Structure formats: structure tokens, C-alpha cells
Amino acid sequence: MTANQQRIEQHIELLSRFTATPGAGVTRLTYSQEDLQARNYIKEKMVEYDLTVTEDGFGNIFGKLEGALPDAPSVIVGSHFDSVPNGGAYDGAAGVVVGLEVAALFKENNLKPAYPLEIIALVEEEGSRFGGGLMGSRGMMGLLTAEDFKTLADKDGVLAVDAMADISVNPANEKKRDPKTIKAFLELHIEQGPILEETNIQIGVVEAIVGLTQLEVTVQGQAGHAGTTPMDRRSDALVSAAHIIAALPGIASGEGQGTVITTGRLNVFPNGANVIPDKVVFSVDIRSGKEEHVLNAVRKVEELIVQQDGNGIRTSIEQQLYIEPKELDSSIRSLLKEVSDHLEIPYCSINSGAGHDAMVFSDYTACGMVFIPSKDGLSHCPEEWSDPGHLADGTTIIYEAVKRLTEAKTT
Ligand code: GLV
Ligand code: MN
Ligand code: MN
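Every chain is numbered on its own, with residues counted from 1 as its sequence reads. Think of it this way: whatever chain is written first is A, whatever ligand is written first is 1, and the rest follow in order. The predicted nature of this model means local features are confined to residues of pLDDT at least 70 and side-chain atom pairs, given and counted, to a pLDDT of 80 or more, with totals for whole chains, interfaces and linings taken over all residues. Each side-chain value is derived from all of the structure's non-hydrogen atoms; neither hydrogens nor water enter the calculation.

## Here we look at the coordination of the manganese ion (ligand 3)
Okay, step 1: In this structure, H80 (NE2), D91 (OD) and H189 (NE2) serve as the protein donors to the manganese ion (ligand 3), at separations of 2.0 to 2.2 Å.
Okay, step 2: The sequence pattern describing where the donors of the manganese ion (ligand 3) fall on their chain is H-x10-D-x97-H.
Okay, step 3: A residue is classified by how much of its surface remains accessible, and H80, at 0% relative accessible area, is buried. Only nitrogen, oxygen and sulfur atoms qualify as donors, provided they sit within 2.8 Å of the metal or within 3.2 Å for Na, K and Ca; with water excluded from the atoms, sites may seem incomplete. Think of it in three bands: with a 1.4 Å probe and only protein chains considered, a residue is buried below 20% of the maximum accessible area for its type, exposed above 50%, and partly exposed in between.

Shown next as C-alpha cells:
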């Protein structure tokens, strides 16, 4: 193992310890104590690598190395540092670590960029605490207003601003980032699927990212006694929800073209074994590479849900996120391929079925992503793993691309 491979592995290992579920994967919800521990670690490393550290009003972390050109836009490298519940050590963290390693290499090699280099660690990409997802990037780009943010709460009713205050991050910090201050955004990410491993190619240069939407569905019924209420006099919210959820795979396969639909979160109220459920709230995540399929699937899902209305059941749907498929910047894609060729690292082009902050940034700046293989194609689970050698190769590609984009020179 090379020295920088070791350093990368160590960052991944140490960050993975900041979990609310030790022994059962990484659970690092935004503004939790584990967020604070990871935040402190990332900031400490940024300082060690001579970066100037700031946090914005959403708690996104920035480490900046000034460039020689006055007021020039930054080349930003990084990813998110939150996780799904019981997720893995690499989703998001790998990209943050690559950012840290690029900064370390700039320092070790006495590189001075003309354009500033910024390493970024974003909050709440997964939406695991506050719903929707891509919150850090959407916030930075002004797509989440300060007003919306003030009322944003988690499932227990804890306001995002209060949770932030608990870990001493200041919601009054500057929120919006002027897109003119960004020259490019680069992110390394694990593939989270089986393609690179199956084709035995260690690098994927991302062409496009799927369009996706997340709905939050509420089914309202009537609570009652499980023993005394006859079956024909019930308005059981969970039975209605189950009808809806069971029909979702059929809608996805009927739409075809790689359309996928998932219910991954479901809360039953009051959640007592002998109480007929009066309320069920669940998520519906719909994705496809083509926007028309996402839109068709949304329409069909809405029709399905409305069919449950009546007999004491009322449904409602809130769209928490909608983002169309995004193509990444063609000149950055070419640059990443050219650099990989130069380094003699095999690569292929690939599309992303997962959502990424680059989807948001790509409307404002030139974005590029590099994927590395995921063992057994697994992600969003404790088994998630990627090879340190692949991570090191991905880092070298990002580092070389960043040197060119920042026009870095040895001092
Ligand atoms: C993030 O991992 C997403 O694709 O939802
Ligand atoms: Mn994820
Ligand atoms: Mn991710």
C-alpha cells in the first residue's frame, strides 16, 4: 500500500467510527453528535493541509486554498458527509476523503493554484433526517430559501435550526453561494451498483445522472380496537398503504426503461399491536434516466393513491424533491478521460442511478464525477466496500484534473 493509499484508508476508517449504530453500519444524521464528530475531524484535517475553513448557514464545510489570481472562481472538490440509516463507510465519505487527499498532495508537492482550490463537505445529501435530499447543495444554490429552512423539521419535530445550534453551527452564516465564484465541481463517488465490478474496469467517468423525485404520502384512517372492531367497519390506514405499496413494482416495470420505484421509509401511527392504525406516512422514490418516465410514473402513482380515498380513508401527497436527469459537463468528462489515459488507468463511461449533489451544481457550473467499483454492487448498507487501490487511482485522476483546472504550479 502506498503512503497516500494508507492515508485515504485511515480517513475512511476514522470517519466510519462516527456512527450512531456501532457494529451495524454508519448512521450519521445531519446535525447529530456524529455529524459534529465527523465535522471536527474534517475541519482539523483541512487546517492540517493549510486550508482556510469556513461553514455556511446550512453547515456545509469549506476548506480553501487561495489562488494567485485575484477574485478568481474556485475549483471545488468533495462530496457529502451524512449517511443513510445503517449505511456504509464510503457513500459520500469517499469523495470528502479524496478532497482532503487532493489538498494534502497540493501541500506536499508545494503546488500554488492560480484559481482557488476548495474542498467541500456537504450536509444532508441523503435526506435521511429532513427529507428530500440534496439539501446542502440546494441550499447553497438558493433553491432552499432561508424561510423554508427556518421551518424545516425532522420526523420528531426538531427544527433544523435548533439541531444546528446544538452542535454550535451558526444558521446566521452566509447561506447563498454566488455561482460566479465557482469554476468547476468534481466529485469522486462509489458506483453503488455492479457495472464496474462486473466489467472489471476500475474507473467510471459519469455521463449523466438519473432524474428522480421523492413523494411523501400520508394515509389517514380511523384508529380503533383490534379485537372489537368488525372487519367491515374499519378504516385501516396501514391496509390502504399496503395496497398502494404492493402495486408500485408493477408501475415501475410497466413503465420500463430502467424506471425504479421504492418505498424505503414507513411510519405507522400509533404503532400499537392491538390498535388499528389511523395514520401511515411513507416515502415513494421514483427514478429513471429519461424525464418522461419519471413524470409518467408519478402520474400513475398519484392515480393509484387517490383510488384509496373513501370509506374513511383520506390520502395526501407532498412532493419533497423533483430533479430532472442531468448530463455532466462534456469538457470535464473529456478532461477526466484524457487524464486517465495519461495515467494509463482503464476507464469507461457510465450513468448514475443514484442522486448526487452534482445534479444540483450542474445547473450553475461545470461538473464532473468519477466512480469507483462497489464490492458486490452493494451500497446503502453496512457491507458497502470499495478497494483502497481503486480509491487511490480515483484520487490520482481527480488530483491531476484539479491541477489542470486550477492551473497549479510548483513554488
Ligand atoms: C442518494 O444516495 C440517492 O441516490 O438518493
Ligand atoms: Mn447515498
Ligand atoms: Mn452519496
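Moving on, there is more to tell.
## What to know about the coordination of the manganese ion (ligand 2)
Octahedral six-donor coordination of a metal ideally yields angles of 90 or 180 degrees, compared with 109.5 degrees for tetrahedral four-donor coordination.
Okay, step 1: Within the protein, the atoms that donate to the manganese ion (ligand 2) are D91 (OD), E126 (OE), E126 (OE) and H380 (NE2), at distances of 2.0 to 2.6 Å.
Okay, step 2: In the primary structure, the donors to the manganese ion (ligand 2) are separated according to the pattern D-x34-E-x253-H.
Okay, step 3: The metal-metal distance between the manganese ion (ligand 2) and the manganese ion (ligand 3) comes to 3.6 Å, with D91 coordinating both. Of the two residues, E126 sits in the loop between β5 (117–122) and α4 (135–140) while H380 sits in the loop between β17 (366–372) and α12 (388–406), which places them 254 residues apart along the sequence.
Okay, step 4: You can call H380 partly exposed: its relative accessible area is 41%. By definition, any uninterrupted DSSP run of H or I lasting at least four residues is a helix, any uninterrupted run of E lasting at least two residues is a strand, and each is numbered from the N terminus.

## Some remarks on the nonpolar core
Okay, step 1: Residues grouped as a nonpolar core are buried Ala, Val, Leu, Ile, Met, Phe, Trp, Tyr and Cys residues, joined through side-chain atoms within 4.5 Å. Core analysis: the biggest nonpolar cluster contains 68 residues, and Y31, F149, L391, I398 and V402 have the highest contact counts within it.
Okay, step 2: Per-element tally for this core: the top contributor is helix α3 (residues 93–108), with 11 residues.
Okay, step 3: Apart from residues lying up to four places away in sequence, Y31 is in contact with R39, F58, V123, R129, F130, M135, F149, A160, A163, M164 and I167.
Okay, step 4: F62, I182, V360 and F371 belong to the second largest nonpolar core, which has 25 residues in total. Only heavy atoms enter the contact rule, under which two residues are in contact if any of them lie within 4.5 Å.

## Digging into the packing of helix α2 (residues 33–48) against α3
Packed helix pairs are specified by the crossing angle of their axes together with the interaxial distance, meaning the distance between the axes.
Okay, step 1: All axes here are fitted lines through C-alpha atoms, helices being fitted over the stretch that makes contact, and every angle between N-to-C directions spans 0 to 180 degrees. For the pair α2 and α3, interaxial distance at closest approach is 9 Å and the crossing angle is 15°. If you check the angle between α2 and α3, you find them roughly parallel. Viewed along their axes, α2 and α3 form a crossing whose handedness is left-handed. Every residue of α3 that contacts α2 at I42, K45, M46 and E48 is listed here: V96, L100 and K107.
Okay, step 2: Gly falls in the polar group here, along with every residue not listed as nonpolar (Ala, Val, Leu, Ile, Met, Phe, Trp, Tyr, Cys, Pro) or charged (Asp, Glu, Lys, Arg). Class assignment of the residues belonging to the contact of α2 with α3 gives a composition of four nonpolar, no polar and three charged. Roughly parallel covers angles under 35 degrees, roughly antiparallel covers those over 145, roughly perpendicular covers 65 to 115, and oblique covers all other angles. Rotating anticlockwise by less than a right angle from the far helix to the near helix defines a left-handed crossing, while the corresponding clockwise rotation defines a right-handed one.

## A short note on the site of ligand 1
Okay, step 1: Residues are classed as near a molecule or strand on a simple rule: at least one heavy atom within 4 Å of it. In the vicinity of ligand 1, the contacting residues are E125, E126, R287, A354, G355 and H380.
Okay, step 2: Side-chain polar atom of R287 to an oxygen atom of ligand 1: 2.6 Å apart, as the coordinates give it.
Okay, step 3: Between ligand 1 and the protein, one listed contact pairs an oxygen atom with a backbone N or O atom of G355 at 2.7 Å.
Okay, step 4: Protein chains shield 90% of the accessible area of ligand 1, which is 190 Å² for the free molecule. Whenever two N or O atoms come within 3.5 Å, that pair is a polar contact, provided that in protein one can donate a hydrogen and the other can accept it, and provided that, for residues adjacent in sequence, both atoms are side-chain atoms. Areas reported here follow the Shrake-Rupley algorithm with a probe of radius 1.4 Å; residue values treat only the protein chains shown as occluding.

## Notes on the pattern of salt bridges
Okay, step 1: Any carboxyl oxygen of Asp or Glu within 4 Å of a side-chain nitrogen of Lys or Arg constitutes a salt bridge here. For the structure shown, the criterion picks out 25 salt bridges.
Okay, step 2: For the salt bridge of E338 with R404, the shortest nitrogen-to-oxygen distance reads 2.7 Å. Of the two residues, E338 is situated in helix α10 (residues 330–343) and R404 in helix α12; the sequence distance between them amounts to 66 residues.
Okay, step 3: Classification of R404 as partly exposed rests on a relative accessible area of 38%.
Okay, step 4: Among the salt bridges present, the one from K375 reaches D376, with a minimum N-O distance of 3.2 Å.
Okay, step 5: You can call K375 partly exposed: its relative accessible area is 40%.
Okay, step 6: A single salt-bridge network, built from bridges that share partners, covers D35, R39, K43 and E55.

## Thoughts on the pairing of strand β1 (residues 52–55)
Okay, step 1: At least two bridges found by DSSP between two strands are what make those strands a pair. Where β1 lies against strand β2 (residues 61–65), four bridges are found, and the strand directions are antiparallel. What sits directly across from V53, in β2, is G63.

## Some details on the packing of aromatic side chains
Okay, step 1: Working definition: a ring pair exists when centres of Phe, Tyr or Trp rings (six-membered ring for Trp) sit within 6.5 Å. Plane angles under 30 degrees give stacked, over 60 give edge-to-face, the rest tilted. Going through the model one piece at a time under the given rule, you end up with five aromatic pairs.
Okay, step 2: Between F106 and Y399 the ring centres are 6.0 Å apart and the planes differ by 80°, which places this aromatic pair in the edge-to-face class. With a gap of 293 residues between them, F106 in helix α3 and Y399 in helix α12 connect regions that are remote in the sequence. The two residues F106 and Y399 agree in class, both being buried.
Okay, step 3: Just above the ring of Y115 sits the side chain of K183; from NZ or CZ to the centre is 4.1 Å.
Okay, step 4: Above the plane of the ring of F269 lies K279, whose end atom (NZ or CZ) is 5.1 Å from the centre. Whether a charge sits over a ring depends on NZ of Lys or CZ of Arg being within 6 Å of the ring centre and within 35 degrees of the ring normal.

Everything listed here is a matter of coordinates, which is why it stays silent on function.
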